[in-house]
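# Geometric and topological summary
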Amino acid sequence: MQPLKSHVTALVLLVLAMSGCQKETSELTQNRPTDISIEEAKNWLSLGPSGIQPITLQHRNPGTPDWGNARFFKFQDKSSILKVPLIDYYLPVGYRDILFQKDSNGIILGAIQEIRPGKAYLAAKSRDGDEDMRQFVTNEDFTGDS
């Protein structure tokens, strides 16, 4: 299962790196809003084959977006990500989210992020099994490494 976690992490990093690489050739590029709305994300996802297709083929049911619990994250470079929890899928330990981002050219990018904490992480946190995994795993102590 370790290779899957590293592939998903690599995919998320690749999408974010590609969106960060941009060539500023005009003021129009600089003035386009990069915040993505929930409606834009829904429309992009409903278009069918997209950047999510390889994950959908790998996992027959990657999950259903829980649009009501979507969260926006703004970064210092003025970029942002829309993070939408996925529900209604089978994953013994961990969770999935779908991340959306709009680059400075208005192109929408998306990736599924799958978090699968290892046994050592769970044991170190003394998890009793009743916590919501999204609240249990924190950025402060989860690195994605085993």
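The text that follows walks through the structure, step by step, so that each part is easy to find. These numbers were taken from a predicted model, which means no experiment stands behind them.

### Brief notes about unusual backbone geometry
For K78, which is not glycine, the phi torsion reads 75° and is therefore positive. Within the element layout of this structure, K78 appears in the loop between strand 2 (71-74) and strand 3 (80-87). For D88, which is not glycine, the phi torsion reads 65° and is therefore positive. Examined against the element boundaries, D88 turns out to sit in the loop between strand 3 and strand 4 (95-102). On the accessibility criterion, D88 (55% relative accessible area) is exposed.

### As for the packing of aromatic side chains
Summed over all chains, the structure comprises 2 aromatic pairs. Taken together, a centroid distance of 5.8 Å and an interplanar angle of 85° make the contact between W44 and F100 edge-to-face. Residue W44 is found in helix 3 (residues 38-46), and its partner F100 is found in strand 4; the two are separated by 56 residues along the sequence. Residue W44 shares its accessibility class with F100, and that shared class is buried. With a centroid separation of 6.0 Å and 25° between ring planes, the pair formed by W67 and F100 is classed as stacked. Here W67 is found in the loop between strand 1 (64-65) and strand 2, whereas its partner F100 is found in strand 4, with 33 residues between them in sequence.

### Examining the nonpolar core
Of all hydrophobic cores here, the largest spans 21 residues; its most connected members are F100 and V137. Taken together, the elements giving at least two residues each to this core come down to helix 3, strand 3, strand 4, strand 5 (108-115), helix 5 (119-124) and helix 6 (133-136).

### Focus on the pattern of salt bridges
Side chains carrying opposite charge are able to pair once their charged atoms draw close together. This structure, assessed with the given rule, holds 6 salt bridges. The closest approach of N and O atoms between K102 and E40, which form a salt bridge, is 2.8 Å. Here E40 lies in helix 3 and K102 lies in strand 4, a separation of 62 residues in the sequence. Classification of K102 as buried rests on a relative accessible area of 10%. With a relative accessible area of 28%, E40 lands in the partly exposed category. Among the salt bridges present, the one from R96 reaches E114, with a minimum N-O distance of 2.4 Å. Residue R96 is found in strand 4, and its partner E114 is found in strand 5; the two are separated by 18 residues along the sequence. Assessed through its relative accessible area of 7%, E114 is described here as buried.

### Some words on the side chain of S79
When you line up the elements, S79 lands in the loop between strand 2 and strand 3. One polar contact links S79 to D77, side chain to side chain, over a distance of 2.5 Å.

### Some remarks on the side chain of D97
Relative to the helices and strands, D97 is located in strand 4. D97 sits in the buried class, given a relative accessible area of 1%. Aside from chain neighbours lying at most four places away, what touches D97 is K83, V84, P85, L86, A111, I112, Q113 and R134.

The rules we used
Residues numbered from 1 in each chain as written. Predicted model: local features only at pLDDT ≥ 70, side-chain atom pairs only at ≥ 80, totals over all residues. Heavy atoms only, no water. Helix = DSSP H or I, 4+ residues; strand = E, 2+ residues; numbered from the N terminus. Buried < 20%, exposed > 50% of the residue type's maximum accessible area, 1.4 Å probe, protein only. Phe/Tyr/Trp six-rings, centres within 6.5 Å; stacked < 30°, edge-to-face > 60°. Core = buried A, V, L, I, M, F, W, Y, C linked by side-chain atoms within 4.5 Å. Salt bridge = Lys/Arg side-chain N within 4 Å of Asp/Glu carboxyl O. Polar contact = N/O pair within 3.5 Å; in protein donor to acceptor, adjacent residues only side chain to side chain. Contact = heavy atoms within 4.5 Å.

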